[in-house]
Amino acid sequence: MKVAVVGYPNVGKSSLVNRLTNSREAVVHERPGITRDRKEISTEWNGRRFTLIDTGGMDQQDPDPISGSIRDQARAALADAQVALFVFDAKAGLRPGDEEMADLLRRSQLPVVIAANKIDAVGDIPLAAEAHRLGLGDPMAVSAAQGLGTGDLLDRLVALLPEDDDEEDNNVVRLAVIGRPNVGKSSLVNRFMGAERVIVSEVAGTTRDAIDLPLEVDGRRLVVVDTAGMRRQSKVSESVEYYTVLRSQRAAERADVALVVCDANDGVTAQDLRVAELAMQSGCATALVLNKWDTAEMAEADLDHERAKATRKLRLRPRVLTASALTGRNVERLLREVIVLGDRMANRIPTPQLNRFLGEVVQARQPPAKQGHRLKLIYAAQIGERPPRFAIQVNSRTRVTRDYAYFVENRLRARFGLDGVPVIIDFVERKSRRGEGR
């Protein structure tokens, strides 16, 4: 069940969404026009779960093309919702655009709740009465900043939502689409969705929020997260960009799989590798995508070079794939790869297979010895998933060298198809029994 939050720019929609969801998911700034795409944030009230769709401010008179895209996104949010929450600034009063918004809401035939925001004190409550002339029912006085009236507002919204018996599917793969600015992340997401779901512009930095989008592929449910472009820290020039980059990082932390989108005309750059490292540190499986492949002048040998670079520089050894958001080339293959990586994150490898693998490792390369004592790999088992975690018991006489630990990890990836998947291996020292190691 969804509630579309709409209104004029800078009336406090995102602040109110954050208050109602008890989060800081929506980007808030004193400058108008910060929210552009529609962002869905789940919440719960009195045992009912529902989703608030935060939208950009709708200014019908603004000729800017991005403003037109924002209006389209807000209309799409209304088409996807069961209830509309119309927010206006009670202190500024109604504006000409509010009348047009009220007319749009009446034609949508959705139940509408009017929130008179910025009622920060009891003495401000009469300011809410101006909204009566919109003909959309009694306005509710609220304060996103102080929390005044938000409980009553949630009660009203929940009462208007239809009953929803759908149970949450735990077999969902969360995909974060991350990368540098203007490499085509939003275009690729729109191609995934089969619709203009997020705003695309030649202006770098158009996307500011991390946008969660549900998708179904061959019967499997995915949640695709479009994110803001991630610049080098030294190039993050303003507070809005700082917080949008932070949300991109958090999106990676919440994801099972990350697609690091690169511009095929540039190849895999140093910044692309840094973004992939961030995904690895966040604990999600990773693949690199050379987007704009239709315009790249890259031969097969050049592609092999880019793949070798990623394997050499990145510990996860992720695959480097090619695609074109513009033409749709290889886009379905990307989604299939996402599902494979998501499944590998959740898979458990049987203990007998792991111990046979352990024997193969020792046969291929003997563990190091120190002062006459040789390291022994005794027993292996998987102890966790998302990401996969393994425990290998070793004798306590010799510590595992970093070089040999990497050798075991790389062999594990090759043996069980874990390239691009973060792997944790705990080498657990076992106390030696009498006579062991002699």
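Residues take numbers from 1 onward in each chain, read along the sequence in its written order. Totals for whole chains, interfaces and linings use all residues, but because this is a predicted model, local features are given only for residues with pLDDT of at least 70 and pairs of side-chain atoms are given and counted only at 80 or more. With hydrogens and water stripped out, all remaining heavy atoms of the structure feed into the side-chain values.

Turning next to the sheet that holds strand β4 (residues 83-89). We treat two strands as partners when DSSP finds at least two bridges between them. Think of it this way: any DSSP run of H or I at least four residues long counts as a helix, any run of E at least two long counts as a strand, and we number them from the N terminus. Within the open sheet, the six strands sit side by side as β2-β3-β1-β4-β5-β6. Their pairing is mixed. This sheet does not close on itself; its edge strands, each paired only once, are β2 (39-45) and β6 (140-141). When strand β1 (residues 2-7) meets strand β3 (residues 48-54), the two strands line up parallel, connected through four bridges. In the strand pairing of β3, Val3 is matched with Leu52. Sheet strands touched by helix α1 (residues 13-21): β1, β2, β3, β4 and β5 (112-117). Its angle to β3, the strand with the most contacts, is close to 165 degrees. Whether two residues are in contact is decided by their heavy atoms: any pair within 4.5 Å suffices. All axes are obtained by fitting lines to C-alpha atoms, using only the stretch in contact for helices, and the reported angles, taken between N-to-C directions, cover 0 to 180 degrees.

Another aspect to go through is the sheet that holds strand β16 (residues 389-395). Taking strand neighbours across the sheet as the criterion, the three strands line up as β15-β16-β17 in an open arrangement whose pairing is mixed. Of all the strands in the sheet, the pair left with one neighbour each is β15 (377-384) and β17 (424-430). Across the sheet, the mean angle separating the axes of adjacent strands is 25 degrees when strand polarity is ignored. Pairing analysis gives six bridges linking β15 to β16, with the strands arranged antiparallel. Residue pairing in the sheet places Ala380 in a bridge with Ile392 of β16. Strands β15 and β16 of the sheet are contacted by helix α10 (residues 351-364), whose axis makes an angle of about 140 degrees with β15. On top of the sheet, helix α11 (residues 402-416) reaches β15, β16 and β17; it is set at about 125 degrees to β17, its chief contact.

Moving on, we come to helix α5 (residues 185-193). Each α-helix turn comprises 3.6 residues. Residues three or four places apart therefore point the same way. Think of it in three bands: residues with accessible area under 20% of the maximum for their type are buried, residues over 50% are exposed, and the middle band is partly exposed, with areas taken using a 1.4 Å probe on protein chains only. Inspection of α5 places Lys185, Ser186, Leu188, Val189, Asn190 and Phe192 among the buried residues, and these make up the whole buried set. Of the residues flanking the end of α5, it is Gly194, one or two places downstream, whose phi is positive at about 75 degrees.

Aromatic contacts are taken between Phe, Tyr and Trp rings whose centres are within 6.5 Å, Trp giving its six-membered ring; a plane angle under 30 degrees counts as stacked, one over 60 as edge-to-face, and the others as tilted. Tallying each qualifying case throughout the model produces two aromatic pairs. Ring geometry for Phe357 against Phe416: centres 5.8 Å apart, planes inclined by 65 degrees, an arrangement best described as edge-to-face. Of the two residues, Phe357 sits in helix α10 while Phe416 sits in helix α11, which places them 59 residues apart along the sequence. Relative to Phe407, the ring of Tyr404 has its centre 5.6 Å away and its plane inclined at 40 degrees; by these criteria the two rings are tilted. Residue Tyr404 and its partner Phe407 are located together in helix α11, separated by three residues, close to a single helical turn. Across this residue pair, the class does not change: Tyr404 and Phe407 are buried. Just above the ring of Phe407 sits the side chain of Arg365; from NZ or CZ to the centre is 4.9 Å. The criterion is that NZ of a Lys, or CZ of an Arg, lies within 6 Å of the ring centre and within 35 degrees of the ring normal, and then a charge sits over that ring. The cationic tip of Arg415 hangs over the ring face of Phe416; the distance from NZ or CZ to the ring centre is 5.0 Å.

With that out of the way, let us pick up the nonpolar core. Only buried residues count toward a nonpolar core. Its members are Ala, Val, Leu, Ile, Met, Phe, Trp, Tyr and Cys residues joined through side-chain atoms within 4.5 Å. Among the nonpolar cores identified, the biggest contains 48 residues, and Leu175, Phe192, Leu222, Leu377, Ile392 and Leu412 are the most heavily contacted of them. At seven residues, the largest contribution of residues to this core is made by helix α9 (residues 331-346). Ala90, Leu105, Ile119 and Leu136 belong to the second-largest nonpolar core, a separate cluster that totals 24 residues.

Our next topic: the packing of α10 against α11. Helix-helix packing: each pair is described by the crossing angle between the helix axes and the interaxial distance. Between α10 and α11, whose axes approach to 11 Å, the crossing angle comes to 125 degrees. The orientation of α10 relative to α11 falls into the category oblique. As for how α10 packs across α11, the hand of that crossing is right-handed. Residues Gln353, Leu354, Phe357, Glu360, Val361, Val362 and Ala364 of α10 lie in contact with α11, whose contacting residues are Tyr404, Phe407, Val408, Arg411, Leu412, Arg415 and Phe416. In this classification, the charged set is Asp, Glu, Lys and Arg, the nonpolar set is Ala, Val, Leu, Ile, Met, Phe, Trp, Tyr, Cys and Pro, and all remaining amino acids, among them Gly, are polar. Of the residues contributing to the contact of α10 with α11, the split by class is 10 nonpolar, one polar and three charged. The cut-offs work like this: below 35 degrees is roughly parallel, past 145 is roughly antiparallel, 65 to 115 is roughly perpendicular, and the gaps in between are oblique. What makes a crossing left-handed is the near helix being turned counterclockwise from the far one by less than a right angle; a clockwise turn instead makes it right-handed.

Another point: the confidence of the model for the protein chain. Confidence of the predictor at the level of single residues is captured by pLDDT, which takes values from 0 to 100. Averaged over every residue, the pLDDT of the protein chain is 81; the share at 70 or more is 79%. Low pLDDT, under 50, characterises residues 27-36; the stretch is placed with 39 contacts to residues that sit more than four places away or in other chains. Residue range residues 233-244 is modelled with pLDDT below 50. Its contacts to residues more than four positions away, or to other chains, number 16 contacts.

Relative orientation of the contacting elements α5 and α9 amounts to 85 degrees, with a least axis distance of 10 Å. Considering their axes alone, α5 and α9 lie roughly perpendicular with respect to each other. Taken together, the residues of α9 that come into contact with α5 (itself represented by Leu188, Arg191 and Phe192) are Val331, Leu334 and Leu335. Its residues assigned to classes, the contact of α5 with α9 shows five nonpolar, no polar and one charged.

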